[in-house]
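Summary of structural features
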Amino acid sequence: MAVDAARSDEGFTSGRATRVMVAACRAAGLDDGGAELIRLGENALFRLATAPVIVRVARGQEWLPRARVEVAVSRWLAEEGFPAARIVEDLEQPLVIEGHPVTFWHLIVEGDRKATYGELGGILRDLHSLTVPEGLELPSFDPFDKQELRLDRAVVSQDDKSFLRKRWYELRDKYAELTFETPKGPVHGDAHVQNLMVDDQGKVILIDFEAFCFDHPEWDLMVTAVEHHSLGWQTDEQYADFVAAYGRDLYDWHGYETLRGLQEFGMTTWLMQNVQEDKRTAAEYGRRIAGLRNDDAPRDWRPW
């Protein structure tokens, strides 16, 4: 369902996302009063004050196929009984408001702890063991699908854009030489521990299906492997728990360095989209682009 034409000239800011959220709620018959912006990243996430619903606003029309995949994957995982985020079933979705796909999700009431890396390894093991049903069309994993849009639209220096485009082409060449030995299956596509939530009943729930695809499981393992081996974001014990639960350490694989380059590039261009929001975001982007310019330097990047 579409409402209004695409309007992408002003950029995807918190103000624009809020306007889209308000219009989407009114189209869906929901009250937007008191809605709170809880995250601005690849999408804007709003928590409604009047209903246990999360409203997810994507950056533009180009994300509509992914929004449709999210809805389909949520329905499939619900049928499987898999612990995952659930869409609001009695609403037609995704809506398209001013060129932005919008989806509606049941609020997950969080408990008093965060998910562990061992739990992440276990839920990925279980996810990768599922069989995708006939009729569920999933894309392949494409580490480059958003990069050109990000580079075109980002408010960063021309020197940064030139460097990032050069690095993008270098990574494409390395990716073309990459070989996998594992069979393809369901892949989350953005499998970091922040995409797990623990509800108030202690249940660990997988969220965020925007990058969900049918491909090799290495794409899900690379996130935590890079966060540990390159960025030092987990202790040795936490990473050991992840490896033990899943049953594999990607660091030992011949393609790790290529995936490391892809992951760090994606993490930098993801944050680059929001440098205009505040000085803290701009400062972290500065740390990340400096790291990309010196592959051998220690990374002092911070989780976001």
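Residues numbered from 1 in each chain as written. Predicted model: local features only at pLDDT ≥ 70, side-chain atom pairs only at ≥ 80, totals over all residues. Heavy atoms only, no water.

**Overview of the overall build of the protein**
When helices and strands are tallied, the protein shows nine helices and ten strands. Taking 19 Å as the expected radius of gyration for a compact globule of 304 residues, we find that the protein reaches 19 Å, a close match to that expectation. Structurally, the protein occupies a C-alpha span of about 50 × 45 × 40 Å along its principal axes. A buried classification covers 54% of the 304 residues belonging to the protein. If you take every contact in the protein between residues at least 6 apart in sequence, the share linking residues at least 24 apart comes to 70%. Here the protein displays about 14000 Å² of accessible surface, and carbon together with sulfur accounts for 49% of that area. If you average the places of the 35 positive and of the 53 negative side-chain charges in the protein, the two averages end up 5 Å apart. (Helix = DSSP H or I, 4+ residues; strand = E, 2+ residues; numbered from the N terminus. Rg over C-alpha atoms; globule rule 2.2 N^0.38 Å. Buried < 20%, exposed > 50% of the residue type's maximum accessible area, 1.4 Å probe, protein only. Contact = heavy atoms within 4.5 Å. Areas by Shrake-Rupley, 256 points an atom, 1.4 Å probe, with all protein chains shown as cover. Lys, Arg positive; Asp, Glu negative; His and termini not counted. Charge placed at Lys NZ, Arg CZ, Asp CG, Glu CD.)

**Digging into the side chain of E210**
Summarising the element assignment, E210 is placed in the loop between β9 (204–206) and β10 (213–215). Within the local environment of E210, its side chain forms a polar contact with the side chain of K146, the two groups lying 2.5 Å apart. (Polar contact = N/O pair within 3.5 Å; in protein donor to acceptor, adjacent residues only side chain to side chain.)

**Concerning the confidence of the model for the protein**
Per-residue confidence for the protein averages 93 on the pLDDT scale, and 97% of its residues sit at or above 70. Counting interchain partners and residues more than four positions distant, the pLDDT-below-50 stretch residues 2–9 has 15 contacts. (pLDDT = per-residue confidence, 0-100.)

**A look at the environment of V204**
One can find V204 in strand β9. Given a relative accessible area of 14%, V204 falls into the buried group. Along the sequence, V204 and S230 sit 26 residues apart, while their C-alpha atoms lie 27 Å from each other. Filtering out sequence-adjacent residues up to four positions away, V204 remains in contact with P83, R113, A115, E119, I123, L196, M197 and V198.

**Details of the nonpolar core**
Note on soluble globular proteins: their nonpolar side chains tend to be buried together. In terms of nonpolar packing, the biggest core is built from 72 residues, with L77, L164 and F209 touching the most fellow members. Look past the residues within four positions of F209 in its chain and what remains in contact with it is V69, E70, V73, S74, L77, A84, A85, W105 and H188. Counting 20 residues, the second-largest nonpolar core is a separate cluster that includes M21, C25, L91 and I97. (Core = buried A, V, L, I, M, F, W, Y, C linked by side-chain atoms within 4.5 Å.)

**Side note on helix α8 (residues 256–272)**
An α-helical turn contains 3.6 residues, so a residue and the one three or four places further along point in the same direction. Taking 1.5 Å per residue, 17 residues should reach 24 Å; α8 reaches 24 Å between its end C-alpha atoms and fits that length. With respect to burial, α8 is a largely interior element, 15 of its 17 residues being buried. (Expected span 1.5 Å × (residues − 1).)

**Regarding the pattern of salt bridges**
Applying the stated criterion to the full structure yields 29 salt bridges. Ionic pairing is found between D159 and R293, a salt bridge with its closest N-O pair at 3.0 Å. Of this pair, D159 sits in helix α5 (residues 158–176) while R293 sits in helix α9 (residues 279–293), and the two are 134 residues apart along the sequence. The shortest N-O distance in the salt bridge between R293 and D160 comes to 2.9 Å. Pair noted here: R293 is in helix α9 and D160 is in helix α5, with a separation of 133 residues, a long-range link. Relative accessible area serves as the criterion here: at 39%, R293 is assigned to the partly exposed category. (Salt bridge = Lys/Arg side-chain N within 4 Å of Asp/Glu carboxyl O.)

**Quick notes on the pairing of strand β2 (residues 36–40)**
Note: β2 against strand β3 (residues 43–47), four bridges, orientation antiparallel. By the bridge assignment for β3, E36 is matched with R47. (Pairing = 2+ DSSP bridges.)

**Some points on the packing of α5 against α9**
Two packed helices can be described by the angle between their axes and the distance between those axes. Two elements in contact, α5 and α9, have axes whose closest approach is 11 Å; the angle formed by their N-to-C orientations is 50 degrees. The angle between the axes of α5 and α9 places the two elements in the oblique class. Note that α5 runs across α9; the crossing there is left-handed. Residues D159, D160, F163, L164 and R167 of α5 form the contact with α9, whose own contacting residues are Y285, I289, L292 and R293. Taken together, the residues of the contact of α5 with α9 sort by class into five nonpolar, no polar and four charged. (Axes fitted to C-alpha atoms, helices over the stretch in contact; angles between N-to-C directions. Parallel < 35°, antiparallel > 145°, perpendicular 65-115°, else oblique. Left-handed = near helix turned anticlockwise from the far one by under 90°. Nonpolar A, V, L, I, M, F, W, Y, C, P; charged D, E, K, R; others polar.)

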